[in-house]
Amino acid sequence: MDDIAALMRREKILNRARNTISAIYMVGIPVMFLAVCIFAGDPNDLAEFSINLAALEGLNGTAVGRTTVSPAFNLTVRVENPCLQPWCFNGGEVLVSYAGVALAWGPVPALCVRRSAAAELTVLPWGRDVGLSEDLRQRLLSEWPMGTAQVLVEMKIFHPINWMHSSKLSYIGTSLYNFKFMLGDGIARGKE
Ligand SMILES: *[C@@H]1O[C@H](CO)[C@@H](O)[C@H](O)[C@H]1NC(C)=O
Ligand SMILES: *[C@@H]1O[C@H](CO)[C@@H](O)[C@H](O)[C@H]1NC(C)=O
């Protein structure tokens, strides 16, 4: 009899301990996450950028021997903000290049992303009368159908001044995001 009572008591204590542990998990994880963004914190680093090529025109002239092109890219930029506070940037600049030759460039609009949310914007870099060497034109034409014509997208984002973190340079400066994609596949992701 005593043994059973002791067993039940032990069981009760064990259960209470389990409940406490799960309560710590449930409260602790969001609090830790919040702490990461606010204290260790640089939402400028934690925000995730990805881009997608929605449309491209102006490079088809290379197929009929033209070495002067006026390319225009339509890029969809997706920004994910994992932090429990809104995050904004003051716009930026984008440069699209192939084999080290700048093809198109232009502004990135300003954006605010709600807490724990994602937002998208359209970026439309373009170039006028960009000269390609005959070698580069031929390289582009041979790589494109094979899906190996790699384009580099360099995007610079301007951060607003954030006094709370003004000792951190990244808060009053810029962030650079690089993306690569192959012409033809239209997909580009990640930060490098
Ligand atoms: C390139 O494509 C555009 C639209 O898709 C078209 O208007 C133009 O004639 C094409 N140019 C050449 C040289 O094929
Ligand atoms: C860019 O692509 C998006 C998505 O396909 C489209 O909605 C938008 O109209 C395009 N913008 C321009 C200027 O072509």
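For the structure given in this document, a descriptive report is provided here. All residue numbers here refer to positions counted from 1 along the written sequence of the relevant chain. Whichever chain is written first is A, and whichever ligand is written first is 1; the rest continue in order. Since the coordinates come from a predicted model, pLDDT governs what is reported: local features require at least 70, and pairs of side-chain atoms require 80 or more to be given and counted, while whole-chain, interface and lining totals use all residues. To obtain the side-chain values, all non-hydrogen atoms of the structure were included, while hydrogens and water were left out.

**Some thoughts on the pattern of salt bridges**
Then comes step 1: By definition here, a salt bridge exists when the distance from a side-chain nitrogen of Lys or Arg to a carboxyl oxygen of Asp or Glu is within 4 Å. Counting across every chain of the model gives 4 salt bridges.
Then comes step 2: Residue Arg 78 pairs with Glu 80 through a salt bridge whose shortest N-O separation is 3.4 Å.
Then comes step 3: Exposed residues in this analysis have more than 50% of their type's maximum accessible area, buried residues have under 20%, and partly exposed residues fall in between, with area computed by a 1.4 Å probe over protein chains only. With a relative accessible area of 38%, Glu 80 lands in the partly exposed category.
Then comes step 4: A salt bridge links Glu 143 to Arg 139; the nearest nitrogen and oxygen atoms lie 3.1 Å apart. One end of the pair is Glu 143 and the other is Arg 139, both in helix α3 (residues 134–146) and 4 residues apart, which spans about a single turn.
Then comes step 5: Exposure remark for Glu 143: the relative accessible area of 15% places this residue in the buried category.
Then comes step 6: Beyond isolated ion pairs, a larger network of salt bridges with shared partners links Arg 78, Glu 80 and Glu 120. The way it works is that DSSP assigns letters per residue, a run of H or I at least four long becomes a helix, a run of E at least two long becomes a strand, and they are numbered from the N terminus.

**Focus: the side chain of Thr 62**
Then comes step 1: You can see Thr 62 is positioned in the loop between β1 (48–57) and β2 (68–69).
Then comes step 2: Under the relative-accessibility criterion, Thr 62 is labelled buried at 1%.
Then comes step 3: In what follows, a contact means two residues having at least one pair of non-hydrogen atoms within 4.5 Å. Beyond its immediate sequence surroundings of up to four residues, Thr 62 is in contact with Val 69, Leu 132, Arg 137, Leu 140 and Leu 141.

On their own, these measurements won't tell you what the molecule is for.
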